[in-house]
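In case you want the letters, here they are:
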Amino acid sequence: MRHFLTTEDWEQDELQSILDRAKALKAGASSSALAGKSVALVFFNPSLRTRTSFDIGIAQLGGQGVVLDARAGTWPMEFEDGVVMNGDAEEHVVEAARVLSRYVDMIAIRCFPKFENWQTEREDPLISTFARHASVPIVNMETIVHPCQELAMMMALQEQHGRVENKTFLLTWVPHPKPLNTAVANSAILMASKFGMNVRMLVPDEVYRLDERYMAAAQASCQAHGTSFDLMTDVEAAYSGVDAVYAKSWGALPFYGQWADEAPYRAKGRDFMVDDAKMALTNAATISHCLPMRRNVKIADSVVDSPAFLGIEEAENRLHVQKAMLEALARDMDTHS
Ligand code: CP
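Residues numbered from 1 in each chain as written. Predicted model: local features only at pLDDT ≥ 70, side-chain atom pairs only at ≥ 80, totals over all residues. Heavy atoms only, no water.

Enquirer: Whenever I open this one, the sheet that holds strand β7 (residues 168-173) confuses me. Can you help?
Expert: Adjacent strands of a sheet form backbone hydrogen bonds with each other and so pair up, either parallel or antiparallel. With respect to topology, five strands assemble into an open sheet ordered β9-β8-β7-β10-β11, the strand pairing being parallel. Strands at the two margins of the open sheet, each flanked by one partner only, are β9 (229-232) and β11 (286-288). Strand-to-strand twist of the sheet, defined as the mean angle between neighbouring strand axes without regard to direction, takes the value 15°. As judged from the three bridges shared by strand β10 (residues 244-248) and β11, these two strands associate in the parallel manner. Note on β11: the bridge partner recorded for V245 is I287. Docked against the sheet, helix α7 (residues 183-194) engages β7, β8 (198-202), β9 and β10, running at close to 170° with respect to β7. (Pairing = 2+ DSSP bridges. Helix = DSSP H or I, 4+ residues; strand = E, 2+ residues; numbered from the N terminus. Axes fitted to C-alpha atoms, helices over the stretch in contact; angles between N-to-C directions. Contact = heavy atoms within 4.5 Å.)

Set out below in structure tokens:
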């Protein structure tokens, strides 16, 4: 049985097949791949795009989505093995996964890290526990990676640039008042490197390196494709000649859970907002963001409202790529049933 937990588990040609199918669905192809099937959508965190696009996409495939708000609409949930459940949690993921598997054909989960202890949270414990105990495919709707966003990003890049191999992709850290999840940043470098792009990461300081698991995976992909991977702190050099810019803010992992100490490093990035002057250094690059996005903090209005901005297209693509991915999982289930 195949899950969709991270694109690290999927080959480039498998992901390209999903993207090709998503392009056909976007062009109007219809599908009843989920007819008679249901999908639980379990949200431990808020969402606009993910909830809407999954719910509607499942209906368009002839299936039924059941949205569960795990913060308020279900029992507080525990996921640690062997824990004595004498705190707030009433339900263990072991039972939740087994019971939901009796009702539905797939389970999709959004669960951000708690920003307390990266050494445990980097193992993605809740969704991993679901995947161990469910008897149906598990889909990642964003945990410490955001694989559906990766697909939507690559679809938008291919729509705009055609073949992306050997083009240069810049992931730039951008300002935000709070330390945010590294999921989209991890995903951006995984996907750009897997599809043969030269990858640059621009950060205010090397403390903003992503987890070594993702840095190493992206570097290995670049090496396999004969492309480059560079961690940079010089803004002009990083933007110079790139074809695609991706903006994201995240918290520095060495200060995980003790964010006050991160402040001096965050201050070094105070001028990192994407603006016209920076975009003028590029090779007429496109610019995107996963959304939601704070205007004039992360990206200037003039850039967001320019034809170079792909964020709305990328958001629409979430619907199409998720439908194509759910079709692929349903096909896999039928093959193995
Ligand atoms: N990009 C994204 O996942 O959006 P939501 O958080 O609104 O679902």
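So much for the structure itself; the text now carries on.
Enquirer: Can you walk me through the pattern of salt bridges in this structure?
Expert: Pairing between side chains of opposite charge can happen when their charged atoms approach one another. One pass over the full model with this rule turns up 18 salt bridges. Put simply, D205 and K268 hold a salt bridge, and the shortest N to O gap is 2.5 Å. Here the residue D205 occupies a position in the loop between β8 and α8 (212-225), and K268 occupies one in the loop between α10 (263-267) and α11 (276-279), the gap between them amounting to 63 residues. Taking the shortest distance from any N to any O, the salt bridge between K278 and D275 comes out at 3.4 Å. For D275, a relative accessible area of 22% gives the class partly exposed. (Salt bridge = Lys/Arg side-chain N within 4 Å of Asp/Glu carboxyl O. Buried < 20%, exposed > 50% of the residue type's maximum accessible area, 1.4 Å probe, protein only.)

Enquirer: Got a minute to help me understand the environment of N117 in this structure?
Expert: As for its placement among the helices and strands, N117 is situated in the loop between β5 (106-110) and α4 (118-121). Separated by 75 residues in the primary sequence, N117 and A192 place their C-alpha atoms 28 Å from one another.

Enquirer: Sorry, what's going on with α8 here?
Expert: Relative to the 20 Å expected for 14 residues at 1.5 Å per residue, α8 spans 20 Å between its end C-alpha atoms, a close match to the ideal helical length. Listed as buried for α8 are Y214, M215, A218, S221 and C222. The arc that holds every buried residue of α8, seen down its axis, measures 130°, which confines them to one face. For α8, the exposed residues set more than 90 degrees away from the buried face come down to Q223 and A224. Buried positions along α8 lie against α7, β8 and β9. The N-cap residue of α8 is D211: its side-chain oxygen and the backbone nitrogen of R213 are 2.9 Å apart. Of the residues one or two after α8, G226 is the one with positive phi, at around 75°. (Expected span 1.5 Å × (residues − 1). Arc of directions from axis to C-beta. Polar contact = N/O pair within 3.5 Å; in protein donor to acceptor, adjacent residues only side chain to side chain.)

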